[in-house]
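A structural walkthrough
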Amino acid sequence: MGMYRKKPVVVEAIRFRRNNWNDILEFTNNTAHTLFIEKRIDGIATCIIPTLEGKHIATEGDFIIKGVQGEFYPCKPDIFEKTYEEVWD
């Protein structure tokens, strides 16, 4: 067994919120679909993100990342914050 370090790579990402659905669609080239908001007052929003591994559910607050091959995938906020830091030009 070997030890490996993740190569540094800059990715594009957007945080999924119920009020930025149009931005999500634009960011994912209209591949995100099935926006669903639970009917409770505090209902959670979800959507489907097609990934290289199949369809994944993104939950409101997740980050949607554009990968190095142009693919998209959701990432939970705690994992995103441990893995990525914001880049300033």
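The preceding data block contains the structure.
Here we summarise the structure given alongside this text.

About the thresholds
- Residues numbered from 1 in each chain as written.
- Predicted model: local features only at pLDDT ≥ 70, side-chain atom pairs only at ≥ 80, totals over all residues.
- Heavy atoms only, no water.
- Pairing = 2+ DSSP bridges.
- Helix = DSSP H or I, 4+ residues; strand = E, 2+ residues; numbered from the N terminus.
- Axes fitted to C-alpha atoms, helices over the stretch in contact; angles between N-to-C directions.

With that settled, consider the sheet that holds strand β5 (residues 63-66). Overall, antiparallel pairing links the three strands, which are arranged β1-β5-β6 in an open sheet. In this open sheet, the two strands that pair with only one neighbour each are β1 (12-15) and β6 (72-75). Put simply, the sheet's adjacent strands are angled 25° from each other on average, direction ignored. With four bridges joining them, β1 and β5 adopt antiparallel strand pairing. Within β5, the position partnered with Arg-15 by the bridge is Phe-63.

All right, on to the pairing of β5 then. Pairing analysis gives four bridges linking β5 to β6, with the strands arranged antiparallel. Paired with Ile-64 across the two strands is Pro-74, which belongs to β6. Between β5 and the antiparallel strand that follows it, β6, lie five residues; Gly-70 among them carries a positive phi value of about 85°.

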